[in-house]
Amino acid sequence: MRDAVVTVPICPLFLEPREGSELADEVLYGMVVTVLGEEKGWLRFRTRYRYEGFARPGALGERDALAWEVEARSVVIRPFADVLSAPAYRSSVLVTLPRGAVLAGGAAAGEDAEWRSVTLADGREGFVRACALRPARNWNEEGEECTRRHLAEDALAYLGTQYRWGGKTPQGIDCSGLCSMTYLLNGLVIYRDASIREGFPVRPVAAEAARTGDLLFWPGHIGLYLGDGRYVHSTGKSGGVLENSLRPKDPDYRDDLARSITAWGSVF
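Residues numbered from 1 in each chain as written. Predicted model: local features only at pLDDT ≥ 70, side-chain atom pairs only at ≥ 80, totals over all residues. Heavy atoms only, no water.

S.K.: For this particular structure, what's the right way to read the overall build of the protein?
M.R.: What the protein contains, in helices and strands, is five helices and 22 strands. Computed over its C-alpha atoms, the radius of gyration of the protein comes to 19 Å, within 12% of the 18 Å expected for a compact globule of 268 residues. When its C-alpha atoms are laid out on the principal axes, the protein stretches across 55 × 50 × 30 Å. In the protein, once contacts between residues fewer than 6 apart in sequence are set aside, the share between residues at least 24 apart is 55%. Surface accessibility of the protein: about 12200 Å² in total, with carbon and sulfur atoms responsible for 50%. Within the protein, one finds 32 positive and 36 negative side-chain charges whose respective centroids are separated by 3 Å. (Helix = DSSP H or I, 4+ residues; strand = E, 2+ residues; numbered from the N terminus. Rg over C-alpha atoms; globule rule 2.2 N^0.38 Å. Contact = heavy atoms within 4.5 Å. Areas by Shrake-Rupley, 256 points an atom, 1.4 Å probe, with all protein chains shown as cover. Lys, Arg positive; Asp, Glu negative; His and termini not counted. Charge placed at Lys NZ, Arg CZ, Asp CG, Glu CD.)

As structure tokens, then:
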């Protein structure tokens, strides 16, 4: 086994080592994974949140993964961001990265506060608009109230994104992709599935104790609670990410979901 860095913008992770296999997940640029082996010419690896699957060859780089994990502390927060060859709009695009991709560096490019200097996983230097990046968050430093607010804000940033089974980016995202990415953007690693799993920080809480940023669970589905009876989720039935209400008098109330909640979960 060895650790490696994902060096493609979006790395599909399939259940089986073949074209046409079901998409299990998408692993994003700069994330570190553990390579478990090869099968039929495909790489088999495990993510830091313990999802396993198969990826096409060429998705991983040779950079020192553990050193990169320490250095890569800048996170893309816009839906997509171009990494450019110079701090100028007309410079060439080195790579376009989705929300959640991670880069090293992030300091201001000279005296120009509009740009940030970054390092790609292959060692190339590039530049990203400052508004497209933020430092990696540590929820222990942010505190509970701030983190709860950030979780709601980050989940709502995906509103309107189309539904994609196994997806985890603004190109397309599923229910657990939305919730797990929202938490990951805030420095919290939760299970990437619609269930409370032992070994991860989400624990069951009573419905009346649920607060902004907590999670709602249904059979095979998950959403993020916004407070005041509202939640955001990604649903194949509605085609993507949207808000709904648990209050019957609201126009976006869904009776089927309001009546079928199986659990509430919190990391706090």
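S.K.: In this structure, what is going on with the environment of Glu 19? I would like to understand it.
M.R.: The residue Glu 19 is located in the loop between β2 (10-14) and β3 (23-28) in this model. Judged by relative accessible area, Glu 19 falls into the exposed class, the value being 53%. In this structure the C-alpha to C-alpha distance between Glu 19 and Arg 56, which are 37 residues apart in sequence, comes to 9.2 Å. Those residues in contact with Glu 19 that lie beyond four places of it in its chain are Trp 42 and Arg 56. For Glu 19, the side chain forms a polar contact with the side chain of Arg 56, separated by 3.2 Å. (Buried < 20%, exposed > 50% of the residue type's maximum accessible area, 1.4 Å probe, protein only. Polar contact = N/O pair within 3.5 Å; in protein donor to acceptor, adjacent residues only side chain to side chain.)

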